[in-house]
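# Summary of structural features
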Amino acid sequence: MVMDIRFLGGAREVGRSAILVNDALLLDFGMLTANPPQFPLETPDPEAVVVSHGHLDHVGTIPTLLSGDGRPPIHWTPPTAELAQTLARDTLKLHGGSYNCPFTEPDLKRVTQVSETHGYREPFEAAGHEITFYNAGHIPGSAHVLVDDGDTRLLYTGDFHIDADVDSSGSNGHASSVAGQRLVSGTTARPDADIVLCESTYSDVDHEPRATVEERFVESVETTLWDGGTVVVPAFAIGRTQELMLVCAAHDIPCYVDGMGTQVTEMLRQYPDYVRDAEAFRRAISHARFVTGRDGQRKRIVDQKAAIITTSGMLSGGPAMTYIPEIRRNPANKITMTGYQVEGTPGRDLLETGSAEIDGRVMPVSAQVEQYDFSAHADRDGILEFLASYRDSSVLINHGDRCEAFAEELRGDGFDASAPELGDVVSVEAST
Ligand SMILES: [Zn+2]
């Protein structure tokens, strides 16, 4: 039997991931954050939906699948189920009733009715396929999805992160060193598969070892606090905020947490099995001070010698809009960006020009501005290490800006690799 894999989004691009298997099983249904946002090529009518992880580019359009008569079950891990619904509520709040939000409140309510949660390595059935989740090490609840139709096995990697080999990472082994993310342990499972559909976000990037990034970040923040300054740490709500809370706790850096990251932290507290070290996570939560008040409280906080971890990660909204104008004039203060800044966002502008449009006003910033790469994706070496287990499989490359070039490099290295385009249907037969 042949397995048909149809690319409705996320092919040769990052965002709106959506893959339809055998016309029945939908893997992910995301949204591409842009102005205006983009959605998968079409809204299919699948028998079942399986979701890799709770980021907008993988779950952002899910409620739309319930706007017609179909009620496909949606399979995901418990944290992914919660994150998807948190993100959908946020999209409704920001864009509800406009073209930028393709679903309604009732659609979102139906998600709860069809939701079916599964842990890692607990096989289940969906649309006539056997599905198994494996920890992907990207964010809490993130999964590699193994799809077995009886003849052919497809491994959809989703987004993943892999721990570096500590011996070769240059880390010196003292207690504060880490080989990967503090929040989640990296991927280790390599289930047999005939086809691997692999993300390639950083296929041409070698990340600085995590321990080194962390040491530089900690030293910089501590220096500013000793000099009497305040550090604003813009961070994505899902994953990055909690990772930075763990870093602050490990180094005893006083920190406040504000924005959507506080809700996500509160939710993740209920799923200790999905973080690397539940005890460290509990300590990080009690170490941090959560901002619950309004702008009055925020204006008092900016006089404290502390790190303020806040959304949004690219300065496009959230309480960062209050903190940045308050601290920007004093060169003793610092803003540390902690993730990739998309072109055209205020965060990117700030890094490149030293000023940014905050809440509709262009503001020059005298505070110091720095960038740290706390990526939750495997880099080039990590992807190659992962794929080394799949030399005999067909490899399909997606979720990247240079999928085709990377597939060609893999072919040069002896892989059977290609990079499908949007709308393509790839038919694969098991090699046996
Ligand atoms: Zn992701």
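As annotated in an unreviewed UniProt entry, the protein chain carries the name Putative mRNA 3-end processing factor and is attributed to Natronorubrum thiooxidans.

### Considerations on the coordination of the zinc ion
Taken together, H53 (NE2), H55 (ND1), H138 (NE2) and D159 (OD) make up the full set of protein donors to the zinc ion, lying 2.2 to 2.3 Å away. Geometry at the zinc ion is irregular, judged from the 4 donor atoms that bind it and their angles of 87 to 169° at the metal. Coordination of the zinc ion draws on donor residues from a single chain, spaced H-x1-H-x82-H-x20-D in sequence. You can see H138 sitting in the loop between strand 8 (129–135) and strand 9 (143–148) and its partner D159 sitting in the loop between strand 10 (153–156) and strand 11 (195–199), a full 21 residues away along the chain. There is no split in this pair, since H138 and D159 are both buried.

### Points about the environment of H129
You can see H129 is positioned in strand 8. Along the primary structure H129 and R153 are separated by 24 residues, whereas in three dimensions their C-alpha atoms are 9.7 Å apart. At a separation of 2.7 Å, a polar atom in the side chain of H129 contacts the main-chain carbonyl oxygen of A127.

### Thoughts on the pairing of strand 13 (residues 255–258)
Burial of strand 13 is two-sided: the residues C255 and V257 facing one way and the residues Y256 and D258 facing the other way are all buried. With 4 bridges joining them, strand 13 and strand 15 (residues 307–310) adopt parallel strand pairing. When the bridges of strand 15 are listed, Y256 appears paired with I308. Examined bridge by bridge, strand 13 and strand 14 (residues 289–290) share 2 bridges and lie parallel to one another. Looking at the pairing, Y256 lines up with R289 of strand 14.

### Here we look at the domain arrangement of the protein chain
Size of an interface, as often reported, equals the accessible area lost when the parts are brought together. According to the domain assignment, the protein chain consists of domain 1 (2–207 + 377–429) and domain 2 (210–371). Each of domain 1 and domain 2 has a C-alpha centre, and these two points are 27 Å apart. In this assembly, 31 residues from domain 1 lie in contact with 24 residues from domain 2. Counting the surface lost from both domain 1 and domain 2, the interface buries some 2,200 Å², and carbon and sulfur atoms represent 64% of this. When the buried surface of domain 1 facing domain 2 is broken down by residue, E82, R182 and L183 rank first, second and third, together holding 31% of it. Along the contact surface separating domain 1 from domain 2 lie 2 salt bridges. The partner of D163 in a salt bridge is R276, and the shortest N-O contact between them spans 3.0 Å. There are 8 residue pairs in polar contact (both at pLDDT 80 or more) connecting domain 1 and domain 2.

### Some thoughts on the packing of aromatic side chains
All told, the structure shown has 7 aromatic pairs when counted by the stated rule. The interplanar angle of 35° and the centroid separation of 4.7 Å between the aromatic rings of F160 and F386 together place this pair among those described as tilted. Here F386 lies in helix 11 (residues 380–387) and F160 lies in the loop between strand 10 and strand 11, a separation of 226 residues in the sequence. Its relative accessible area of 0% is what places F160 among the buried residues. The exposure class of F386 is buried, given its relative accessible area of 0%. With 5.4 Å between their ring centres and 85° between their planes, F217 and Y372 make a pair best called edge-to-face. With a gap of 155 residues between them, F217 in helix 4 (residues 210–226) and Y372 in the loop between strand 19 (368–371) and helix 11 connect regions that are remote in the sequence. You'll find F217 and Y372 in the same group, each marked buried. Ring-pair connections join several aromatic residues into one group, and the members of that group are Y120, Y271 and Y274. Taking the ring centre of Y256 as reference, the NZ or CZ of R289 above it sits at 4.6 Å.

So, how was this worked out
Residues numbered from 1 in each chain as written. Predicted model: local features only at pLDDT ≥ 70, side-chain atom pairs only at ≥ 80, totals over all residues. Heavy atoms only, no water. Donors = N, O, S within 2.8 Å, 3.2 Å for Na, K, Ca; no water. Tetrahedral: all angles 85-135°; square planar, octahedral: opposite > 155°, others 65-115°. Helix = DSSP H or I, 4+ residues; strand = E, 2+ residues; numbered from the N terminus. Buried < 20%, exposed > 50% of the residue type's maximum accessible area, 1.4 Å probe, protein only. Polar contact = N/O pair within 3.5 Å; in protein donor to acceptor, adjacent residues only side chain to side chain. Pairing = 2+ DSSP bridges. Domains from an automatic or database assignment. Contact = heavy atoms within 4.5 Å. Buried area = accessible area lost by both parts, 1.4 Å probe. Salt bridge = Lys/Arg side-chain N within 4 Å of Asp/Glu carboxyl O. Phe/Tyr/Trp six-rings, centres within 6.5 Å; stacked < 30°, edge-to-face > 60°. Lys NZ or Arg CZ within 6 Å of the ring centre and 35° of its normal.

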